[in-house]
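Each chain is listed here by its residues.
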Amino acid sequence: MKARTRFAPSPTGELHIGGVRTALFSWLLARHTGGEFYVRIEDTDQDRYVPGATRRILEAFDWLGLTLDGGPDHEELQTMRTNEDYPGALDDGEYRGVPGPFVQSHRLPIYKHWAEWLIEHGYAYRANETPEELARMREEAQARKQTFVFREEMRLRTDVRPDEPHVIRMRVLPREGQTEINDLIKGRVVFDNSQIDDQVLLKADGFPTYHLAVVVDDHLQGVTHVLRGDDWLSSAPKHVLLYRYFGWQEPQWAHLPNVLGPDGKKLSKRHGAQSVFEFRDQGYIPEALVNFLALLGWAPGGGDEQNVFTVQELIEKFSMEGVGSSPAVFDYNKLDWLNGVHIRRLSDEEFAHRLEPFLARAGIPIDTPQRRELLRRIAPHIKERTKKLTDAAPLVDFFFGDIAVPPIEALVGPKMDAPASAHALQAALKLVEAFEPFDDQPLEQAMRQLCAELHLKPTQLFTIIRNAVTGKSVTPPLFATMAILGRETCRLRMRRALEALEQAALRHP
RNA sequence: GCCCCCAUCGUCUAGCGGUCCAGGACGCGGCCCUUUCAAGGCCGAAACACGGGUUCGAGUCCCGUUGGGGGCACCA
């Protein structure tokens, strides 16, 4: 069965990582079944609207590679409260049968129509208690240790006219009895109708609340599976009731368990990175993030113990049966590992390319063909050494600029003194000056032979050379590094190091 | 307070009544490889929250307890 799913964020800020997981599951379900996935912007709260948020949401989907079959196009974005146009937004005609508009503030007459329809058919009524009056009623209920549930009989005024400011509330029917929801993840969940509020459907400002808008839009847009956060479960019976009132067929419900932080609390800003872009800026790649998020609450099952997935594999193997019902803790350790795995799967070219913005940020602009080619040559040697793209800069900086003469402690080999180190470095320098060809393998062979001649262990000689040539004790493989650096640079740096070593030897003979 | 959800190694999970003295992955410890750091290979420690049922038999089904989480807006 082809699934049509949607992700419906409100433009109130950055796309949260928990929201991304919900979007991912919805997207995977749609792609797995050959159905459609689209984005709908739920901007019905005028107070919480954040300019630019919609743009950022679309950008996040782009970066993650979650393709859309529907969503706001350029024109619709431009006519939002603030101009939200995004270069990568959809053009007209790409909706594969999903009808727009995809921004709820552009659908106001539709909600109005269906709200009035409910009144006409006895499923809703007008009310106009002020926020203050409602707050007082809540306090009174609390004093009586009762759950506050607004009911028609509690209206302070029953003569609300259609032409005065008012809200439209749903009439929960029947008042007694129960309403149950059949959830793909939670199973059958039953609620007492007495616990269900006569929820406001249309606000006094003419905007719908989530409850009306989501039901109307999901139905009109042909949504087959509603995947959303766990926190919506308690209001789900209201939605079930609305479908029933309208006589529409319910979608399949799937309430995903929350994502928790390492402390077991719902993931929030306190836990560090929370928006997709923060992850991007911290050097995570979308392949890894998608893989990781998929595993947060989903497993292939059936004895399949695969952990590393490409997006294609996820699409093939994903199913709702594999989605678990318990909340999952976001484990940065595993994300880091997966990021390294997916980085290693990148081609050298691709890896080098993705490194560029991170190197630029670290003061290593890759702005010439020469520098780009240099990075490309280095790439295979640092790929398995970077877990996050931010790790690369300290591994490559000495390729792109001069280094300071290392401190003397770094130039003295393990279990050696300054004079012995100077002697060894001098021999190595001599070899570097004359050796041909100046390539990785032959150079290593020659240096190993030199070790034998000097009665030194490889680690002793190589440590001295490494520090002299790179200024660091942790580097990519030494001889590949030297070959890329080139004979002249190596010679220069070794000579400077040798001078420092000789002076030290004179001071402490 | 009321309502709802959840419960296997530290973490993500497999397990859909017997094949589980519970399997995989991350992390952790050890060994190997090794010029540093990684990557890789091998080995190891590590879990069915508790109490009642049901059953010939329960991690798997039911009930309760405890512990976590979520909801109770003219916010989504």
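As shown above, the structure is provided for reference.
Residues numbered from 1 in each chain as written. Chains lettered and ligands numbered in written order. Predicted model: local features only at pLDDT ≥ 70, side-chain atom pairs only at ≥ 80, totals over all residues. Heavy atoms only, no water.

Section: helix H18 (residues 458-470)
Phase 1: For H18, with 13 residues, the first-to-last C-alpha span of 17 Å sits near the 18 Å given by 1.5 Å per residue.
Phase 2: By the criterion of burial, H18 is predominantly enclosed, with ten of the 13 residues buried.
Phase 3: Each element contacted by the buried residues of H18 is listed here: helix H14 (393-400), helix H15 (408-411), helix H16 (418-434), helix H17 (440-454), helix H19 (478-485) and helix H20 (487-507).
Phase 4: Phi turns positive one or two residues past the end of H18, at glycine 471, with a value near 75°. (Helix = DSSP H or I, 4+ residues; strand = E, 2+ residues; numbered from the N terminus. Expected span 1.5 Å × (residues − 1). Buried < 20%, exposed > 50% of the residue type's maximum accessible area, 1.4 Å probe, protein only. Contact = heavy atoms within 4.5 Å.)

Brief notes about the side chain of arginine 169
Phase 1: With respect to the secondary-structure elements, arginine 169 resides in strand S4 (residues 167-170).
Phase 2: Here arginine 169 sits buried without a salt bridge, and the closest side chain of opposite charge, aspartate 197, lies 4.3 Å off (N-O distance).
Phase 3: Side-chain polar atoms of arginine 169 contact the backbone oxygen of aspartate 198, separated by 2.8 Å.
Phase 4: Apart from the residues lying within four places of it in its own chain, the contact partners of arginine 169 are Tyr123, Ala124, Tyr125, Ala127, Leu134, Phe150, Asp197, Asp198, Gln199, Val200 and Leu201. (Lys, Arg positive; Asp, Glu negative; His and termini not counted. Salt bridge = Lys/Arg side-chain N within 4 Å of Asp/Glu carboxyl O. Polar contact = N/O pair within 3.5 Å; in protein donor to acceptor, adjacent residues only side chain to side chain.)

Considering the environment of valine 215
Phase 1: Tracing the backbone shows valine 215 in helix H6 (residues 210-220).
Phase 2: The class for valine 215 is buried, based on a relative accessible area of 1%.
Phase 3: Taking C-alpha positions, valine 215 is 61 Å from threonine 481, a pair spaced 266 residues apart along the chain.

Remarks on the protein's contact with RNA strand B
Phase 1: RNA strand B sits among 65 residues. The nearest are Lys203, Lys265, Glu384, Arg448 and Arg466.
Phase 2: Restricting attention to atoms of RNA strand B within 4 Å of the protein, one finds that 72% of them are sugar or phosphate atoms.
Phase 3: With respect to RNA strand B, the side chain of threonine 44 contributes an N or O atom lying 2.8 Å from a phosphate oxygen.
Phase 4: Sorting elements by how many residues they give to the surface near RNA strand B places helix H11 (residues 332-345) first, with four residues. (Near = heavy atom within 4 Å.)

Focus: the nonpolar core
Across soluble globular proteins, you tend to see nonpolar side chains buried next to one another.
Phase 1: Counting 60 residues, the largest nonpolar core has Met447, Leu461, Met482 and Met494 as the members making the most contacts within it.
Phase 2: Going through the elements one at a time, helix H12 (348-361), helix H13 (369-382), H14, H16, H17, H18, H19 and H20 are the ones with two or more residues in this core.
Phase 3: The greatest single-element share of this core, amounting to eight residues, is contributed by H16.
Phase 4: The residues contacting leucine 461, other than those within four sequence positions of it, are Ala424, Ala428, Met447, Leu450, Cys451 and Leu456.
Phase 5: Grouped together as the second largest cluster of nonpolar side chains are 57 residues, Ile185, Val308, Leu335 and Leu338 included. (Core = buried A, V, L, I, M, F, W, Y, C linked by side-chain atoms within 4.5 Å.)

Observations concerning unusual backbone geometry
Phase 1: Of note, the amide linkage connecting leucine 173 to proline 174 takes the cis form, showing an omega dihedral of -5°.
Phase 2: By secondary structure assignment, the location of proline 174 is in the loop between S4 and strand S5 (178-183).
Phase 3: Omega for the peptide link from glutamate 436 to proline 437 comes to -5°, which places this bond in the cis form.
Phase 4: Looking at where proline 437 falls in the secondary structure, it is placed in the loop between H16 and H17.
Phase 5: Positive phi, normally seen in glycine, also occurs at histidine 455, with a value near 60°.
Phase 6: Within the secondary structure layout, histidine 455 lies in the loop between H17 and H18.
Phase 7: With a relative accessible area of 73%, histidine 455 lands in the exposed category.

Focus: the layout of surface pockets
Phase 1: The volume enclosed by the largest pocket comes to roughly 1300 Å³.
Phase 2: Forming the boundary of the largest pocket are 42 residues, of which Pro9, Ser10, Gly19, Asp231 and Trp232 lie nearest the centre.
Phase 3: Looking at the lining of the largest pocket, its residues break down into 15 nonpolar, 15 polar and twelve charged. (1 Å grid on protein atoms, 1.4 Å probe; cavity = no way out; pocket = protein on both sides within 12 Å on 5 of 7 lines; lining within 4 Å. Points joined across faces, edges and corners; volume = space filled by probe spheres on them. Nonpolar A, V, L, I, M, F, W, Y, C, P; charged D, E, K, R; others polar.)

Here we look at helix H1 (residues 17-33)
Phase 1: Here H1 contains 17 residues, and its C-alpha end-to-end distance of 24 Å stays within 8% of the 24 Å for a straight helix at 1.5 Å per residue.
Phase 2: Most of H1 sits inside the fold, with 15 of its 17 residues counted as buried.
Phase 3: Count one or two residues on from H1 and you reach glycine 34, which has phi positive near 75°.

Observations concerning the pairing of strand S6 (residues 187-192)
Phase 1: Alignment of S5 against S6, held across six bridges, turns out to be antiparallel. Paired with aspartate 183 across the bridge in S6 is glycine 187.
Phase 2: Hairpin connection from S5 to S6: three residues lie between these consecutive antiparallel strands. (Pairing = 2+ DSSP bridges.)

Details of the packing of H1 against helix H9 (residues 286-295)
Phase 1: At a minimum axis distance of 10 Å, the contact between H1 and H9 shows a crossing angle of 80°. Compared by their axis directions, H1 and H9 come out roughly perpendicular. Judged by residue contacts, Ile17, Val20, Arg21, Leu24 and Phe25 of H1 engage Leu289, Val290, Leu293 and Ala294 from H9.
Phase 2: Broken down by class, the residue content of the contact of H1 with H9 amounts to eight nonpolar, no polar and one charged. (Axes fitted to C-alpha atoms, helices over the stretch in contact; angles between N-to-C directions. Parallel < 35°, antiparallel > 145°, perpendicular 65-115°, else oblique.)

What to know about the environment of glycine 122
Phase 1: Mapped onto the fold, glycine 122 is located in the loop between helix H4 (108-120) and strand S3 (124-127).
Phase 2: Assessed through its relative accessible area of 23%, glycine 122 is described here as partly exposed.
Phase 3: Expressed as a C-alpha distance, the spacing of glycine 122 and tyrosine 245, which sit 123 residues apart in the sequence, is 9.2 Å.

Honestly, it's all geometry; don't read function into it.
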